[in-house]
Amino acid sequence: TLRAGRHAAYLAGGCVRDMLLGREPKDYDVVTDAPPARVEELFPDALGVGAQFGVMLVRREGAQVEVATFRSDHAYLDGRRPSAVTFTSSAEQDVRRRDFTINGLLWDPATEQVLDYVGGRADLQARLVRAIGDPLERIAEDGLRMMRAVRFAARLNFEIEPATLDAISRQSAAIERVAVERVRDELVRILTEGGARRGLELLDRGGLLGQLLPEVSAMKGVEQPPEFHPEGDVWTHTMLMLEMMEQPSPTLAMGVLLHDVGKPPTFRVAERIRFDGHVEVGVAMASQILSRLRFARRQIERIVDLVRHHLRFKDAPQMRQSTLKKFLRLEGFEEHLELHRVDCLSSHRNLENYEIVYRAWKSLPAEVIRPPRLLTGHDLIAAGYVPGPQFQKILEAVEEAQLESSVASREDALALVRRRFPALPEEPPAS
């Protein structure tokens, strides 16, 4: 439609990069010399998602395509967006304002040719992430580009071009000026889009890890007992776990990253290396870190639970049935299993406890793990019990007996209650 309207129009950015790498693009962006008003004229249902920057959203057959007008950017005063833009008819001028050469390629569907004004094809061949123009200027425009460089290098298994990496190292402190939510989202992408270990190592090399997650950086050089951790220090162990993850959720990825965060501050050497209380310390630290990064409350709860319970698998052979069943009904238990699996494989490689819990999780029906309640408070009142704090204790005892398979009916439950909690006469009211 744009071409029929006598406008230049190309696919641009990440979709072109992915097409040339033989990857399926997540979405497609179009650039054109048509100004926003003309795009709206050609596509009356277009939405102006960033019209002041020349970006319109066109929806067709379930797909959403951003159509952006060629532009040059004015100064970035807020460290994120240009203060103003000037629309232009030059595709090259538009490309030269972008972040990295591999994202600065255009594809002409009419001729099936690539337009490359910045050496992006050569950098794809060389497997390099290189800033367009002066890397210090590109980073000064938007500090999040430092983390984006890491993400692309990690996901694509590319190197960061030396001058670009040097600029990141020199400007790493500027990441503190980027909105926390944007940093958090980029960190999650690094951890979940592939190459998580490489991403963390590149964040470290670029000086960003110490700025964002000093608690994780502190894992380096913290030795562990070799009989349990022949792989080495806490950092090495955590990096191996990140490497083993396969398409993790954000909560699992953060749980893996932070599961041993309490070890550095609890390290001591007695008869051997010890980390007394590292789980409790780690729970508190993880909660603080996640709050600092402004994760959602439910995500914080899930990730902190992964840290809190990651050592419980060692008790599986001795667990009572009731304890095991309560363990299995933790929300998102598959993530607890996966964290423990990679924890074992990146250290002693003994999966016996994992297998015990996994078999129980797969074989026990939901109604056995979380059985329907046999008694309620109304039943206790009908049986002559006076409402009070003791009710919770009584009902918990009944549930415990259910989980241990020692009661299976309402009558059994009432008999247990009468044996263990003799009803007390109601006290007369004070005169």
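Here the structure is a predicted model, which means the values were calculated and not measured.

Caption draft 1: Layout of the packing of aromatic side chains. Tallied over the full model, the rule gives nine aromatic pairs. The interplanar angle of 80 degrees and the centroid separation of 6.1 Å between the aromatic rings of Phe100 and Phe152 together place this pair among those described as edge-to-face. Pair noted here: Phe100 is in the loop between helix H3 (91-95) and strand E8 (105-108) and Phe152 is in helix H6 (residues 145-156), with a separation of 52 residues, a long-range link. As far as burial versus exposure is concerned, Phe100 and Phe152 are alike and both buried. Aromatic pair Phe333 and Trp361: ring centres 6.5 Å apart, planes at 50 degrees, arrangement tilted. One end of the pair, Phe333, is in helix H18 (residues 333-345); the other, Trp361, is in helix H19 (residues 352-363), with 28 residues separating them in the sequence. By relative accessible area, which is 2% here, Phe333 ends up buried.

Caption draft 2: Highlighting empty space enclosed by the protein. Within this structure, the stated rule accounts for one cavity of 30 Å³ or more. Counted as a void, the largest cavity has a volume near 30 Å³. Surrounding the largest cavity, Phe100, Ala131, Pro135, Arg138, Ile139, Arg145, Met146, Thr164 and Ile168 form its lining. Residue assignment for the lining of the largest cavity shows that the elements contributing at least two residues are helix H5 (135-141), H6 and helix H7 (162-171). If one sorts the elements of the lining of the largest cavity by residue count, H5 sits on top with three residues.

Caption draft 3: Expanded view of the sheet that holds strand E2 (residues 29-32). The mixed open sheet is built from seven strands, whose spatial order is E3-E4-E5-E2-E1-E8-E9. Only two strands of the sheet have a single neighbouring strand rather than two, namely strand E3 (47-50) and strand E9 (113-116). When the angles between neighbouring strand axes are averaged without regard to direction, this sheet yields 35 degrees.

Caption draft 4: Main features of the nonpolar core. Formed by 84 residues in total, the largest nonpolar core has its most connected members in Met147 and Leu258. Broken down by element, the residue count for this core peaks at seven residues, all from H6. If sequence neighbours within four positions are ignored, Met147 has contacts with Ile175, Val183, Glu186, Leu187, Ile190, Leu203, Leu208 and Leu212.

Caption draft 5: Region of the structure containing helix H16 (residues 297-309). Relative to the 18 Å expected for 13 residues at 1.5 Å per residue, H16 spans 18 Å between its end C-alpha atoms, a close match to the ideal helical length. Where H16 is buried, its residues touch helix H13 (250-258), helix H15 (278-292), helix H17 (321-328) and H18.

Caption draft 6: Examining the side chain of His237 more closely. Positionally, His237 belongs in helix H12 (residues 234-244). A distance of 3.2 Å separates a polar atom in the side chain of His237 from a polar atom in the side chain of Ser346. If sequence neighbours within four positions are ignored, His237 has contacts with Gln224, His229, Glu231, His259, Asp260, Asp343, Ser346 and Ser347.

Caption draft 7: Fine view of helix H23 (residues 410-420). Taken as a whole, H23 has its buried residues at Ala413, Leu414, Leu416 and Val417. An end-on view of H23 places all buried positions within 160 degrees of arc, on one side of the element. Facing away from the buried side of H23 by more than 90 degrees, the exposed set consists of Glu411 and Arg419. Close packing links the buried residues of H23 with helix H21 (377-382) and helix H22 (390-403).

Caption draft 8: The arrangement of the packing of H17 against H22 in detail. The contact between H17 and H22 brings their axes to 8 Å, and the two run at 100 degrees. With respect to H22, the axis of H17 lies roughly perpendicular. Across the interface between the two elements, Gln321, Ser322, Lys325 and Lys326 of H17 pack against Glu399, Glu400 and Leu403 of H22. A class-by-class count of the residues in the contact of H17 with H22 yields one nonpolar, two polar and four charged.

Caption draft 9: Spotlight on the pattern of salt bridges. Overall, the coordinates contain 42 salt bridges when judged by the stated rule. With a shortest N-O distance of 3.5 Å, Arg302 and Glu331 are connected by a salt bridge. Here Glu331 lies in the loop between H17 and H18 and Arg302 lies in helix H16, a separation of 29 residues in the sequence. Of the charged contacts in the structure, one is a salt bridge between Glu400 and Arg320, with a shortest N-O distance of 3.4 Å. Of this pair, Glu400 sits in helix H22 while Arg320 sits in the loop between H16 and H17, and the two are 80 residues apart along the sequence. Here the salt bridges do not stand alone but share partners, grouping Lys26, Arg151, Arg155, Glu186, Arg189 and Glu193 into one network.

Caption draft 10: Spatial organisation of unusual backbone geometry. A positive phi angle, close to 50 degrees, is found at Glu61, a residue other than glycine. Classification of Glu61 as exposed rests on a relative accessible area of 88%. Positive phi is not limited to glycine here, since Ser405 has a value of about 65 degrees. Looking at Ser405, the relative accessible area reads 59%, which means it is exposed.

Caption draft 11: Just the layout of surface pockets, in detail. Of the pockets and cavities examined, the largest pocket occupies roughly 1600 Å³. Around the largest pocket sit 42 residues that line it, and Asp29, Glu66, Arg98, Asp99 and Arg148 are the ones nearest its centre. Counting residues per element, the ones that place at least two in the lining of the largest pocket are helix H1 (14-20), E2, E3, strand E4 (55-60), strand E5 (63-69), H6 and helix H8 (180-192). A total of five residues in the lining of the largest pocket trace back to one element, the largest contributor, which is H6. Looking at the lining of the largest pocket residue by residue, the class counts come to 15 nonpolar, five polar and 22 charged. One number sums up the size of the second largest pocket: a volume of about 750 Å³. Of all the secondary structure elements, the ones that give two or more residues to the lining of the second largest pocket are strand E13 (273-274), H15, H18 and H19. A class-by-class count of the residues in the lining of the second largest pocket yields ten nonpolar, eleven polar and nine charged.

Rules and cut-offs
Residues numbered from 1 in each chain as written. Predicted model: local features only at pLDDT ≥ 70, side-chain atom pairs only at ≥ 80, totals over all residues. Heavy atoms only, no water. Phe/Tyr/Trp six-rings, centres within 6.5 Å; stacked < 30°, edge-to-face > 60°. Helix = DSSP H or I, 4+ residues; strand = E, 2+ residues; numbered from the N terminus. Buried < 20%, exposed > 50% of the residue type's maximum accessible area, 1.4 Å probe, protein only. 1 Å grid on protein atoms, 1.4 Å probe; cavity = no way out; pocket = protein on both sides within 12 Å on 5 of 7 lines; lining within 4 Å. Points joined across faces, edges and corners; volume = space filled by probe spheres on them. Pairing = 2+ DSSP bridges. Axes fitted to C-alpha atoms, helices over the stretch in contact; angles between N-to-C directions. Core = buried A, V, L, I, M, F, W, Y, C linked by side-chain atoms within 4.5 Å. Contact = heavy atoms within 4.5 Å. Expected span 1.5 Å × (residues − 1). Polar contact = N/O pair within 3.5 Å; in protein donor to acceptor, adjacent residues only side chain to side chain. Arc of directions from axis to C-beta. Parallel < 35°, antiparallel > 145°, perpendicular 65-115°, else oblique. Nonpolar A, V, L, I, M, F, W, Y, C, P; charged D, E, K, R; others polar. Salt bridge = Lys/Arg side-chain N within 4 Å of Asp/Glu carboxyl O.

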